[in-house]
Amino acid sequence: MKRRERPHHVVRALSDWLFYIFGCLLYAVAVDMFITPNQLVPGGVTGISVIIHYVLPFFPVGAGIFVINIPLLILAWIYIGGSFTWRTAVVTAMASVTIDLLAPFITPYTADPLLAALFGGVLSGLGLALIFLRGATTGGSEIMARLLEKKYPHISIGRFMLLVDGIIIAASVPVFGQLESAMYAAVLVFVSSLVVDELIGGARRTRTVLIVTAAESPIAKELTVRLERGVTVLEATGAYTGGERQVLMCAVRPSEVYPLRRLLNELDPDAFIIVLNSEQVLGTGFQTK
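The rules behind the values
Residues numbered from 1 in each chain as written. Predicted model: local features only at pLDDT ≥ 70, side-chain atom pairs only at ≥ 80, totals over all residues. Heavy atoms only, no water. Pairing = 2+ DSSP bridges. Helix = DSSP H or I, 4+ residues; strand = E, 2+ residues; numbered from the N terminus. Axes fitted to C-alpha atoms, helices over the stretch in contact; angles between N-to-C directions. Contact = heavy atoms within 4.5 Å. Buried < 20%, exposed > 50% of the residue type's maximum accessible area, 1.4 Å probe, protein only. Patch = residues over 30% accessible without salt bridge, like charges linked within 9 Å, V, L, I, M, F, W, Y side chains within 5 Å. Areas by Shrake-Rupley, 256 points an atom, 1.4 Å probe, with all protein chains shown as cover. Salt bridge = Lys/Arg side-chain N within 4 Å of Asp/Glu carboxyl O.

Visitor: What's the story with the sheet that holds strand β3 (residues 244-252) in this structure? I'm lost.
Guide: The strands making up a sheet are joined through hydrogen bonds of the backbone, oriented either antiparallel or parallel. Strand order in the open sheet made by the four strands is β2-β3-β1-β4, with antiparallel pairing throughout. Each end of this open sheet is capped by a strand with a single partner; those strands are β2 (232-237) and β4 (272-278). With strand direction ignored, the average angle separating the axes of adjacent strands in the sheet is 20°. Sheet topology note: the strand β1 (residues 206-214)/β4 ladder contains seven bridges and is antiparallel. Residue pairing across strands places Val212 opposite Phe272, the latter belonging to β4. Lying on the sheet, helix α9 (residues 219-227) is in contact with β1, β2 and β3; it crosses β1 at an angle near 145°.

The following block contains the structure:
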């Protein structure tokens, strides 16, 4: 059995890294062609790095992104776990290196700041969505969100990160000396978030997953341990076979659907899975009541 499963795992891992590479390329093009040349601050770690690069031109944007992420990655390793941190560290390094390597070969677009904000938002959103879809992140805001979610599960992470991005964008006004750059940056962030929302459902939406599996299946325990999500176990009976089954109900974020599917594939490839869109989930780990 192990020999048969190995090629499947290899193909899946290769497809993951193809998503990461292509996502990093799109994000790097957005930063080098539209964001940095037009002094657009997209919030988060990238926004801070763009500001630093403007003040210290000899310090590359990509290098700044990676350096700022180092303390966040250390905290993630301590409080979140090795698997998430390892993937995030590798993808963050990949994105940082790609941004700096492509910069000399990309012609900046500065003809129209509004078009730069729109296309920069679309490309960066596409790149981030491809990375999120395969269970990784580019660090920065996502690490902070997960850390805060563990310590303060009752607060709205989305609103907190929106506040942080707003502060970073506002800080660019005195640095660049013009209000227009912050206004265009707000357009960039809005478009980028919209693209990510459309592709993976957005950070504020959730997925309700129903899993029909064997009565003695270890899936429920593994979901609580590996994904740190609550699971409700419902006893069920198969209508055709009459055998005892269990239905697991679990609410997850869109970016967690793919890791959940991988986990189910590993534990019970025959499990029956239903993924439902949920407009709102209230409770621990999600929005407050």
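That was the structure; now back to the text.
Visitor: Looking at this structure, I do not really get the environment of Val50. What am I missing?
Guide: Looking at where Val50 falls in the secondary structure, it is placed in helix α2 (residues 44-55). By relative accessible area, Val50 is classed as buried at 2%. Filtering out sequence-adjacent residues up to four positions away, Val50 remains in contact with Ile35, Thr36, Leu40, Val61 and Phe176.

Visitor: Help me understand a nonpolar patch on the surface, please; the structure alone is not making it clear to me.
Guide: A cluster of nonpolar side chains, namely Phe66, Val67, Ile70, Ile74, Leu75, Trp77, Ile78 and Tyr79, defines an oily patch on the protein surface of about 790 Å² accessible area. Relative to the assigned elements, Ile78 resides in helix α3 (residues 61-79). According to the relative accessible area criterion, Ile78 is exposed, its value standing at 54%.

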